[in-house]
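# Structural features, examined
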Amino acid sequence: MPAPPLRTPHPARIAAARQAFVEALPPARRRVGEQRFDRAGAVLVGALEALYGHAPDADRWLLGLCAGLGQLAAVRPEPLAALDAAREAQPDWFVRQRMLGYSAYVDRFGGTLAGVAGRIDHLRALGVDYLHLLPFLRARAGESDGGFAVSSFEEIEPALGSMAELEQLTTRLREAGISLCADLVLNHVADDHAWARAAMAGDADKRAFFHVFAERALPDAYEATLGEVFPQAAPGNFTHVPALDGWVWTTFYPFQWDLNYAHPPVFAAMAHAMLQLANRGVEVFRLDSAPFLWKRLGTTCLNQPEVHTVLAALRACTALVAPGVLLKAEAIVPAAQVLPYFGEGELRGRECQLAYHSGLMAGAWAALAEGSAALPRRLLAQTPAPPPDTGWITYVRCHDDIVWGVLRPLVEAHGGDFAQRIGGAAAFLEGRVAGSFARGAAFQAHDEHSVHGSNGMTASLLGLPDDPLAPIDPAALRRYALLHALALWVGAVPLLYMGDELGQPNNADPADAARIAADGRWLQRPQLSTTALALLAQQRGVPAATVGVLRALMTVRRDPRWAAATAPTLVEHPDPALLILRRGDDALGVFHFGRDEVPLDLAALDAGNGWNDAFASGAAAGGAVRTLAPWATLWRFRNRE
Ligand code: GLC
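Throughout what follows, the structure given in this document is the object of discussion. Predicted, not measured: the structure shown is a model, and the values here were computed from it. Numbering of residues starts from 1 in every chain and runs along the sequence as written. Where totals are concerned, whole chains, interfaces and linings use all residues; where local detail is concerned, this predicted model gives features only for residues with pLDDT of at least 70, and gives and counts side-chain atom pairs only at 80 or more. Values reported for side chains reflect all heavy atoms of the structure, with hydrogen atoms and water molecules removed beforehand.

### With respect to the overall build of the chain
For the chain, the helix and strand inventory stands at 24 helices and 24 strands. Two things to know: the radius of gyration comes from C-alpha atoms, and the globule rule equals 2.2 Å times the number of residues to the power 0.38. The C-alpha radius of gyration of the chain comes to 24 Å, within 12% of the 26 Å expected for a compact globule of 641 residues. The principal-axis extents of the C-alpha atoms in the chain amount to approximately 75 × 55 × 50 Å. Contacts are residue-level and defined by heavy atoms, with any inter-residue pair within 4.5 Å sufficient. Long-range pairs, those at least 24 residues apart, make up 72% of the contacts in the chain between residues at least 6 apart in sequence. Under this rule, positive means Lys or Arg and negative means Asp or Glu; His and the chain ends count for nothing. For this purpose, a charge sits on NZ of Lys, CZ of Arg, CG of Asp or CD of Glu. A gap of 5 Å separates the mean positions of the 56 positive and 67 negative side-chain charges of the chain. Helix and strand labels come from DSSP, where a helix needs a run of H or I of at least four residues and a strand needs a run of E of at least two; each type is numbered from the N terminus.

Spelled out as structure tokens, the structure:
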């Protein structure tokens, strides 16, 4: 049976933990430290007791951990401590700020960490105030899953810079009003990480950092209920390592060894790694592959209750040391299973402040392929608003494939055949259907009838041209507006993906051909195009058009009538091609996924008289009944008195 998420610890144990934490603080920080412990300490101790209370020496370990947290809080730099105080006073600061995010690889975006600072003007001109840089810590030599095989949490990847340069970058970003989000790859480390090497050298403690099996029996038993992330490139979930004389758990690639969170030092090491980066100015952590952190025989080993206990404990650590920091769950699972990452029950609002809405992302692409808003409508109708002081990360594309499995319950709950329906949508986006405008590619599908993921840059999936100076099909630009408008309408923090702002097409760089052949996700990982940037500066071609759309949308999002802290609600409408969402009483968004022109009666939606267009694409100005072109977007605001 799964353990309860929290234990109620003996008050004496909490008091001892509090003392260990506070004693490590300099006198000037003690009062605030005590207050913080009084808010978060019981969750921390209760979570750790639920996870590790049975371990030998659990008490001493807990006190050591708390003293370590105190030491990290003691050295937290003053400007970051000031941010902490301001954000504690307004815990939904990131929602109210109406942030716009941007996600990029350091090398492909700016060359190095120092080079990223040279792109701040570009980000600011877009309205970006949240920059997610994909992994930049020292990665495994050779193939590293784009840096997601981390060799050291203490060092920066040498080709990208140094820790000092990371601190300089976070300082520059902060001055520009941009929060830096970094990946915390917490499910696994590279097979050349010091822990893995020590395990291979026979260190018993470090062997316990991983899930190692001398015999094949248990791996086989687990495999009976496990899925596969890369069924073609990395089938199975275990890798035989001769130096371990056994099998090690490797959910992703064989060189990424899953960490064993049942072993207390793993938690302590990862919490320490996270908070050290926080003290260098990282303001948001993307908790990579969070659902995989706990294993249980007979299950998919996804979203186990202990995962939430681990994350609540990590959150309590940030609440003690770096309360201005946000945690973001990367849980690419159906939306109903993502909601618990915001915290449920006694953990409500005490886990991650942010989580990716991958269901909406995949649902929007499926809707585009189907010419019907049915899937996103159903999804949004079923998905409750996240708890206060939390919010969705919405996005159109990212560095990964569109993972179709997140839509499975949505399709099957209504008696649909997942492979047939979503396979059809994937085939459309992969350009395998007559009349398709899309130029994507299948990812990890066994044959043309199986469905796993689809790759491709936004522009190529939407039918924008490869040549940035070629004529633009207005319908493709409307599709671009539609998907970005939806992400901006729904999300607390919408996230642009590098190159999408410029309408960059699929990666066709010959230097990347081998990488794309080995892992098709490199199709959406091109270098940021300097040609496209130059065209933007000259206000020409595709980049001028796509940035123009984003700027227009962002202007509306910053309007005071935009109810930032209000979740959108679905408005029923007889036309299945239309997705209609309110944001409070004064804002209405209409998103048309169909391929035909349709009439829209604004009066019937109570958004006619006394309302104005805030953003319109494919919805010519007119009276109370408007004509929506295929893929039109219309945002309306009630006039202010
Ligand atoms: C996350 C990343 C993905 C990576 C995987 C393993 O899903 O987004 O790129 O392959 O984790 O670290």
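### What about the site of the ligand?
Residues in contact with the ligand amount to 13 residues; listed here are only the nearest, Asp 145, Arg 286, Asp 288, His 399 and Asp 400. What qualifies as a polar contact is a pair of N or O atoms within 3.5 Å, subject to a donor-acceptor requirement within protein and to the restriction that residues adjacent in sequence count only when both atoms come from side chains. A distance of 2.6 Å separates an oxygen atom of the ligand from a polar side-chain atom of Asp 145. Residue Asp 400 places a side-chain N or O atom 2.4 Å away from an oxygen atom belonging to the ligand. Computed by Shrake-Rupley with a 1.4 Å probe, the accessible areas treat only the displayed protein chains as cover when residues are assessed. Within the complex, the protein chains bury 95% of what would otherwise be the 310 Å² of accessible surface of the ligand. Note on residue categories: nonpolar means Ala, Val, Leu, Ile, Met, Phe, Trp, Tyr, Cys or Pro, charged means Asp, Glu, Lys or Arg, and polar means any other residue, Gly included. Within the shell around the ligand, the residues separate by chemical class into 3 nonpolar, 4 polar and 6 charged. The cutoff for a nearby residue is simple: one of its non-hydrogen atoms must lie within 4 Å of the molecule or strand.

### Looking at the side chain of Asp 145
Within the secondary structure, Asp 145 sits in the loop between strand S3 (137-139) and strand S4 (150-156). Note on Asp 145: relative accessible area 7%, which makes it buried. Within the local environment of Asp 145, its side chain forms a polar contact with the side chain of Arg 521, the two groups lying 2.8 Å apart. Setting aside anything within four residues of it in sequence, one finds Asp 145 in contact with Tyr 253, Phe 255, Gln 256, Asp 519 and Arg 521. For every residue, the accessible area obtained with a 1.4 Å probe (protein chains only) is divided by the maximum for its type, and the residue is called buried under 20%, exposed over 50%, and partly exposed between those limits.

### As for the pairing of strand S14 (residues 391-395)
Where burial is concerned, most of S14 is hidden: 5 out of the 5 residues are buried. With 3 bridges connecting them, strand S13 (residues 354-356) and S14 associate as parallel partners. In the strand pairing of S14, Leu 354 is matched with Gly 391. Following DSSP output, two strands are said to pair if at least two bridges run between them. The pairing of S14 with strand S18 (residues 493-497) spans 3 bridges and is classified as parallel.

### A short note on the pairing of S18
Among the 5 residues in S18, 5 count as buried, and that is most of the element. Along S18, one buried face is formed by Val 493, Leu 495 and Tyr 497 and the opposite face, lined by Pro 494 and Leu 496, is buried too. Here strand S1 (residues 101-104) runs beside S18; their pairing, made up of 3 bridges, is parallel. Bridge pairing in S18 places Gly 101 opposite Leu 495.

### Notes on the packing of helix H2 (residues 27-52) against helix H4 (residues 78-89)
Comment: axis = line fitted to C-alpha atoms, over the contacting stretch for helices; angle = value between 0 and 180 degrees taken between N-to-C directions. One way to put it is that H2 packs onto H4 with a least axis distance of 13 Å and a crossing angle of 45°. With respect to H4, the axis of H2 lies oblique. Between H2 and H4 lies a crossing of left-handed hand. Residue-level contacts link Arg 29, Arg 36 and Arg 39 of H2 to Glu 78, Ala 81, Asp 84, Ala 85 and Glu 88 of H4. The residue makeup of the contact of H2 with H4, split by class, is 2 nonpolar, no polar and 6 charged. Angle categories are assigned with fixed cut-offs, so that under 35 degrees is roughly parallel, over 145 is roughly antiparallel, 65 to 115 is roughly perpendicular, and the rest are oblique. Helix crossings fall into two classes, left-handed where the near helix is turned counterclockwise from the far one by less than a right angle and right-handed where it is turned clockwise.

### Digging into the sheet that holds strand S17 (residues 453-455)
Judged by pairing direction, the sheet is antiparallel, and its 3 strands sit side by side in the order S15-S17-S16 without closing on themselves. Strands with a single pairing partner mark the edges of an open sheet, and in this sheet they are strand S15 (402-403) and strand S16 (441-443). Summarising the sheet, S16 and S17 pair through 3 bridges and their orientation is antiparallel. Across the sheet, residue Ala 441 finds its bridge partner in S17, namely Asn 455.

### Quick notes on the environment of Arg 197
Following the sequence through the fold, Arg 197 ends up in helix H10 (residues 194-200). Through-space distance from the C-alpha of Arg 197 to that of Pro 27 is 41 Å; in sequence the pair is 170 residues apart. Other than its neighbours up to four places away in sequence, Arg 197 contacts Asp 191 and Asp 192. At 3.0 Å, the side chain of Arg 197 and the backbone oxygen of Asp 192 are in polar contact.

Honestly, that's just the spatial picture; any functional story needs more than this.
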